[in-house]
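# Breakdown of the fold
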Amino acid sequence: MAATALFVWEGTDKQGRRAKGEINSTNPAIAKAELRKQGINATRVRRKSQGFSLGGGGSIKPGDIALFTRQMATMMRAGVPLVQSFEIVADGVDKPKLRELVLAIRSDVAAGNTFSSALRKHPVHFDDLFCNLVDAGEQSGSLETMLDRIASYKEKTETLKNKVRKAMTYPAAVVAVAIIVSGILLIKVVPQFQTVFSGFGAELPAFTLFVIHISELVQAYWWVFLLAIGGAISGFIVARRRSKPLRDGIDRLILRMPIVGNIVEKSAIARFARTLSTTFAAGVPLVDALNSVAGATGNSVFVNAVYKVRDDVSTGQQLNFSMRSTGVFPNMVIQMVAIGEESGALDAMLDKSATYYEEQVDNAVDNLTALMEPMIMSVLGVLIGGLIIAMYLPIFQLGRVVGGSH
């Protein structure tokens, strides 16, 4: 199917008055034909240039899919037909790629395909879990309820991911800035001081000489350092992508790290509980639901644990017993699952567990940020302050010598 695009048209309406607007179509000729059916004589049709708009271009992100799902749920709950819902949502989309995706799905559904089968043609943006839940909604005749449930799930999952991402990127970004500033000082500022010091004719302090030697090394081999850092990062990314044992080892190491490991662990438990609650409430059989849950946890330790739970449950074992045998899940979650199984309200108990651990992650990230700020300021002070002190030490010494001579 040809991709649709947004075209700008100018022409006259049925009364002969000048008119202009926008239309989604595959090419200008088809756009003119569609306009003619609406009683508009289009004299000019051209593809709309997207220009530059903040957040308007780029790739489709998970947050965009969450917003799309929420809008579709709202439209269908209001009684708007499915195909028309796609059109309304597409009209309000800023990102060209997202608009094309929505219109492509609309065309598939309008051609007689089911919503879930149309989504399965775009696996990059809609995973098996998403498609299976939509399929379950279509089969049960409660698509609008299911879309609302999926939208809530996606929104909460993305919020949780953003919290964890914030915890990881904030210190790394500050350290990177500190390294860049230190590099500028070593390459540009220290040589200026070195030129001044050469006229002193006195022996420089050991700390100053140490910084000057580092500056000379960085000036001579800065490109080697950049290549080494870039190569190490690229090599690590490629190796991690290709090697499952390496990924598993890194995931285990992250869970053992102080503070950060606690955040990642609680995040994985929250995603496990949230995903299993959503799928189970949608009527997906428990064993099938656990298949989808494993990939949503985001850590190989929990992925392996969930697969073990799935195998145990498929042989008739209770979910809480199989979870306890993995040694990965905390007692609180296991007890909540046991209560849910006994009372027949497993999805509600899992939802409460997910909410609890999401709040725990939220608090842990806020505490980490508050803890990291003074530590980061200390690192910046030692790095940059140390370089400045090293450069001013000879000047202080010269001042004392001159003052002592008087």
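Residues numbered from 1 in each chain as written. Predicted model: local features only at pLDDT ≥ 70, side-chain atom pairs only at ≥ 80, totals over all residues. Heavy atoms only, no water.

For the rest of this paragraph, the subject is the pattern of salt bridges. Tallied over the entire structure, the rule returns 14 salt bridges. Salt-bridge contacts for Lys 121 lead to Asp 108; the nearest nitrogen and oxygen are separated by 3.3 Å. A residue pair is termed long-range when its members are at least 10 positions apart, and Lys 121 in the loop between helix H5 (115-119) and helix H6 (128-140) and Asp 108 in helix H4 (residues 96-110) qualify at 13 residues. Put simply, Arg 274 and Glu 358 hold a salt bridge, and the shortest N to O gap is 2.9 Å. (Salt bridge = Lys/Arg side-chain N within 4 Å of Asp/Glu carboxyl O. Helix = DSSP H or I, 4+ residues; strand = E, 2+ residues; numbered from the N terminus.)

Turning our attention to the side chain of Thr 297. Here Thr 297 lies in the loop between helix H11 (286-296) and helix H12 (300-314). Side-chain polar atoms of Thr 297 contact the backbone oxygen of Ala 294, separated by 2.9 Å. (Polar contact = N/O pair within 3.5 Å; in protein donor to acceptor, adjacent residues only side chain to side chain.)

Moving on, we get to the packing of aromatic side chains. Applying the stated rule across the entire model yields eight aromatic pairs. Residues Phe 68 and Phe 86 carry aromatic rings whose centres are separated by 6.5 Å and whose planes lie at 20° to one another, so their mutual orientation is stacked. Of this pair, Phe 68 sits in helix H2 (residues 62-77) while Phe 86 sits in helix H3 (residues 82-91), and the two are 18 residues apart along the sequence. For the pair formed by Phe 68 and Phe 86, the shared burial category is buried. Each ring, one from Phe 302 and one from Phe 329, has its centre 5.9 Å from the other, and the planes form 75°; the classification is edge-to-face. With Phe 302 in helix H12 and Phe 329 in the loop between helix H13 (319-326) and helix H14 (331-343), the pair connects residues that are 27 residues apart, well separated along the chain. Phe 329 carries the same exposure label as Phe 302, and that label is buried. Ring-pair connections join several aromatic residues into one group, and the members of that group are Phe 68, Phe 86, Phe 115, Phe 126 and Phe 130. (Phe/Tyr/Trp six-rings, centres within 6.5 Å; stacked < 30°, edge-to-face > 60°. Buried < 20%, exposed > 50% of the residue type's maximum accessible area, 1.4 Å probe, protein only.)

Time to look at the packing of helix H8 (residues 206-242) against helix H9 (residues 244-256). It is at 5 Å that the axes of H8 and H9 come closest, and there the two elements cross at 105°. In this view, H8 runs roughly perpendicular relative to H9, as classed from their interaxial angle. In this structure, H8 uses Phe 236, Ala 239, Arg 240, Arg 241 and Arg 242 to contact H9, whose residues at the interface are Lys 244, Leu 246, Arg 247, Ile 250 and Asp 251. Residue composition of the contact of H8 with H9, grouped by class: four nonpolar, no polar and six charged. (Axes fitted to C-alpha atoms, helices over the stretch in contact; angles between N-to-C directions. Parallel < 35°, antiparallel > 145°, perpendicular 65-115°, else oblique. Contact = heavy atoms within 4.5 Å. Nonpolar A, V, L, I, M, F, W, Y, C, P; charged D, E, K, R; others polar.)

Here the focus is H2. A rise of 1.5 Å per residue sets the reference length of H2, with its 16 residues, at 22 Å; its end C-alpha atoms lie 23 Å apart and thus fit the reference within 8%. Within the span of H2, buried status applies to Asp 64, Ile 65, Ala 66, Phe 68, Thr 69, Met 72, Ala 73 and Met 76. On its buried face, H2 is in contact with H3, H4, H5, H6 and helix H7 (143-197). Phi for Gly 79, located one or two positions after H2, is positive at around 90°. (Expected span 1.5 Å × (residues − 1).)

So, about the nonpolar core. Phe 115, Leu 319 and Phe 329 are the most contacted members of the largest nonpolar core, which totals 75 residues. Considering every element that reaches this core, the biggest residue donor is helix H15 (residues 346-405), with 11 residues. With residues up to four places along the chain from it excluded, the contact list for Phe 329 reads Phe 272, Phe 302, Ala 305, Val 306, Val 309, Met 323 and Ile 334. Residues Val 190, Leu 204, Val 218 and Leu 387 belong to the second largest nonpolar core, which totals 12 residues. (Core = buried A, V, L, I, M, F, W, Y, C linked by side-chain atoms within 4.5 Å.)

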